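Okay, here's what each chain looks like letter by letter:
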Amino acid sequence: MIFARGAFPAGFGGIFVEAKDRYLAIAVLAFGLVYTIAAWNLPRAPVGNPFGPVYFPLGLGLLVTIIGSLMLLQSWKSQVKEEKTIGKHGKYALRIMIVLLLCVGYALVFHMLGFLISTLAFLSAFLIILNGLKKWFLSVSIALLDTLGVWYLFEKVFLINLP
Amino acid sequence: MPTLEYLMYGFRVVFIPSNFLWLTLGCFLGTVIGMLPGLGPATGIALLLPLTFVMKPETALITMCAIFYGAMFGGSRSSILLNIPGDGSAVASCFDGYPMTLKGEAEAALAISAIASFIGGLISSVAFVLLALPLAKVALMFGPPEYFALMVLALTATASMSEGKILKGLLSMALGLMVAMVGLDPQSGVSRFTFGNLELQGGIDFVVVIIGVYGLGEVLKNLEKMGRKEVMQPIKKKFGRIWISKEQWRRSIVPILRATSVGFLIGILPGAGGTIAALMSYNIEKSLSKEPERFGKGAIEGLAAPEAANNACSIGAILPTFTLGIPGSGTAAIMLGALMIYGLQPGPLLFEFYPEIGWGVVASLFVGNVIAALMNLPLAGLLVRILAVPPKILYPLITALCFIGVYAINLSVVDFYLLIVFGLLGYAMRKFETPTAPMILASVVGRKFEQSFRQSLMLSHGDFSIFFKSGISITLLILAALSLIYPIVSGALKKRRHAI
């Protein structure tokens, strides 16, 4: 192929997995095994070939198990260069956790509070987290505008009922 | 010549006011989405997908195509002006586009990128018209075993080519197929992996997977970058005349034509998307050039080639999607999903029974390219200001759009939790540098893939040799095997060369 080396950005380089992926390999292997067992225990089809619904899941489970083993094998062969990067990750990991919790919270209250209130609250909170408390007024107004806009679009233009 | 008549019919469909309006809007949205760093055409189409449910199918598909190549036009704006690629396929545009800006040639850079994109798009559209019907006729020869083999090839090629990491590509593919397994098995009624949840019996809607991985996952990934003190270069806002000189045109035209054919062919191949097309054509130009040392320092042909290639590639990718039902890239997979939502079968019948869709889309490629070029040439300076919208406001709004979009599909909150799960998965996959395109492709075609496998076995009463009985399926399976073996062999060779 005509891919000249060096023209690719960093992420494109290796064809094989890198050493830091050992944990990923173990997780993939475990998942593959669990899935294979679950696939084997699927109910057999009452009509036709009893193994009909089992072939594919079983094959997939085995495939993932093999992929996991190969990844593990490769991570063992290559010299592991452990890098301590936890401190660097800490700050944004927290932010992503908060955002995820917000999303789950949104899903929980969506039916209870209805679209308008829950979306307004969700957006305001999200915007304030990113932009800081000082700009709360801007955040809330953007959230309000957006919520009303979406609501109008769905209820009146697309005729999709929101709770 | 009937093809020409069909095409004229297609043009009439495109110029229906509502279609034309959406086409223009799609080009605009695509350009904007392509420009914003971190958001690519896949995200744009995924977010728009729920909105298109209220449109007529031809309008919806025309809009999606417009977003697709609009994003190819727009993706290079931030590459050229800021050295930040708007999406993967605009990476190669940074190599020479940004140096041109530094040299004070931003106007010429913006102009050549729009011109190259336009030429690449236009020539590919012609090729599309010429190839659509013959390719669709080939599909008529396909029975279940051949379809099975074709999908094996599409999936393995996507897994092995998407980003060069073959094991992770295969893993991503397997995950997508696993998603497709969830729910009631349509042939036997056995419920699989539903964990007793009634809502899961209908299966996981691939729209949720797409919006989760490309929408929410993308937002989460971008949250990471935020807050880090980014030194934003001041964006150039005043522009002179956005045009190129005769000398620059002379340098660029041959590379543009070469890159167009490379891009179109790569687009048709399953798996290899715009990123590979752009990088490959850049490398071809560099190796063919008499003065390769100019590359990377603002050579205009180094910008023109990848720009033409990624547009040609986006149109090439649509071709097998409509004619064979095998998408040529992740974004095209989403469009295949849209076709399936409307209950349309891609293939020859699509062009015969629904000419307004088949030929309407084809004609829209021509019209849309003109619109996108017009939008990008004189308005480039204006559009670039959109890059100044702070992401801190943008990403929360996109997140809300993801949720509303998912809700509009089934009016069910269960999909919210699935969205969060897939958003997290999409984020994790990006963290572990696992390509997402194979998973999207697999989750869209997964059910059909399994059906074709089991239908084949039913035809042969359980005899597996049916997959090796016809020349077509043997060839396709051999190609699939080669697509897996090739990267391993070439990787080993590379290692050996390094060792010496």
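Everything numeric here is computed off the predicted structure, so don't read it as measured data.

Asks: Would you take a moment to explain the overall build of chain B for this structure?
Replies: The helix and strand inventory of chain B stands at 20 helices and 2 strands. Here the C-alpha atoms of chain B give a radius of gyration of 22 Å, agreeing with the 23 Å that 2.2 N^0.38 yields for 500 residues. Across its three principal axes, chain B shows a C-alpha extent of roughly 70 × 60 × 50 Å. Pairs at least 24 residues apart make up 79% of the contacts formed inside chain B by residues separated by at least 6 positions. Averaging the positions of the 36 positive and the 26 negative side-chain charges in chain B gives two centres separated by 8 Å.

Asks: Any chance you could explain the state of the cysteines here in plain terms?
Replies: Residue and element names in this part refer to chain B. A complete count under the given rule lists 0 disulfides over all chains for this structure. As a non-bridged cysteine, Cys 94 has Cys 313 as the owner of its nearest cysteine sulfur, 18 Å distant. Free of any disulfide, Cys 313 has its nearest cysteine sulfur in Cys 65, 14 Å distant.

Asks: What am I meant to see in unusual backbone geometry here?
Replies: Glycine aside, the phi torsion of most residues is negative, and most peptide linkages are trans. Residues and elements named next belong to chain B. You will see that Phe 193, though not glycine, has its phi angle at about 50°, which is positive. Along the chain, Phe 193 falls in the loop between β2 (191-192) and α9 (206-225). Positioned with a positive phi, His 461 is a non-glycine residue whose angle comes to about 55°. Secondary-structure assignment places His 461 in the loop between α19 (437-459) and α20 (471-499). On the accessibility criterion, His 461 (74% relative accessible area) is exposed.

Asks: Mind showing me how you'd approach helix α12 (residues 300-323) of chain B here?
Replies: Along an α-helix, a turn takes 3.6 residues, which lines up residues three or four apart on a common side. Residue and element names in this part refer to chain B. Relative to the 34 Å expected for 24 residues at 1.5 Å per residue, α12 spans 36 Å between its end C-alpha atoms, a close match to the ideal helical length. For α12, the tally of buried residues reaches 24 of 24 residues, placing the bulk of the element in the interior. Gly 325 lies just past α12 and shows a positive phi near 80°.

Asks: What's the story with the pattern of salt bridges in this structure? I'm lost.
Replies: Side-chain pairing between opposite charges can occur once the charged atoms of the two side chains come close. Residues and elements named next belong to chain B. Across all of its chains, the model carries 12 salt bridges over all chains by this definition. A salt bridge links Glu 291 to Arg 294; the nearest nitrogen and oxygen atoms lie 3.7 Å apart. Taking relative accessible area as the criterion, Glu 291 reaches 30% and is therefore assigned partly exposed. Here the residues in one salt-bridge network are Glu 247, Arg 250, Arg 251, Glu 291, Arg 294 and Glu 301, joined through shared partners.

Asks: Would you explain the interface of chain A and chain B in this entry?
Replies: Quite often, the size of an interface is put as the accessible area lost when its parts meet. Taken together, the contact between chain A and chain B spans 71 residues of the former and 71 residues of the latter. Contact between chain A and chain B buries roughly 6,500 Å² in total, counting both sides, with carbon and sulfur atoms accounting for 79%. Where chain A meets chain B, there are 0 salt bridges. For the interface between chain A and chain B, the tally reads 3 residue pairs in polar contact (both at pLDDT 80 or more). Every element with two or more residues in the side of chain A that touches chain B is listed here: α1 (22-40), α2 (52-77), α3 (86-131) and α4 (136-157) of chain A. A per-element tally of the side of chain A that touches chain B places α3(A) first, with 20 residues. A breakdown of the residues in the side of chain A that touches chain B according to their chemical character gives 55 nonpolar, 9 polar and 7 charged.

Asks: Is there a simple way to explain the packing of aromatic side chains in this structure?
Replies: Between two aromatic rings, the relevant description is the distance of the centres plus the angle of the planes. What the rule picks out here adds up to 30 aromatic pairs over all chains. Relative to A:Phe115, the ring of A:Phe110 has its centre 6.3 Å away and its plane inclined at 80°; by these criteria the two rings are edge-to-face. Every member of this aromatic cluster is reached through a ring pair, and the members are A:Tyr106, A:Phe110, A:Phe115, A:Phe122, A:Phe126, B:Phe403, B:Tyr407 and B:Phe416. Looking at A:Arg44, its charged tip hangs above the ring of A:Trp40, at a distance of 4.9 Å from the centre. B:Lys448 extends its terminal NZ or CZ atom over the ring of B:Tyr147, reaching a point 6.0 Å from the ring centre.

The rules behind the values
Residues numbered from 1 in each chain as written. Chains lettered and ligands numbered in written order. Predicted model: local features only at pLDDT ≥ 70, side-chain atom pairs only at ≥ 80, totals over all residues. Heavy atoms only, no water. Helix = DSSP H or I, 4+ residues; strand = E, 2+ residues; numbered from the N terminus. Rg over C-alpha atoms; globule rule 2.2 N^0.38 Å. Contact = heavy atoms within 4.5 Å. Lys, Arg positive; Asp, Glu negative; His and termini not counted. Charge placed at Lys NZ, Arg CZ, Asp CG, Glu CD. Disulfide = S-S within 2.5 Å. Buried < 20%, exposed > 50% of the residue type's maximum accessible area, 1.4 Å probe, protein only. Expected span 1.5 Å × (residues − 1). Salt bridge = Lys/Arg side-chain N within 4 Å of Asp/Glu carboxyl O. Buried area = accessible area lost by both parts, 1.4 Å probe. Polar contact = N/O pair within 3.5 Å; in protein donor to acceptor, adjacent residues only side chain to side chain. Nonpolar A, V, L, I, M, F, W, Y, C, P; charged D, E, K, R; others polar. Phe/Tyr/Trp six-rings, centres within 6.5 Å; stacked < 30°, edge-to-face > 60°. Lys NZ or Arg CZ within 6 Å of the ring centre and 35° of its normal.

All quantities given are derived from atomic positions and should not be read as evidence of function.
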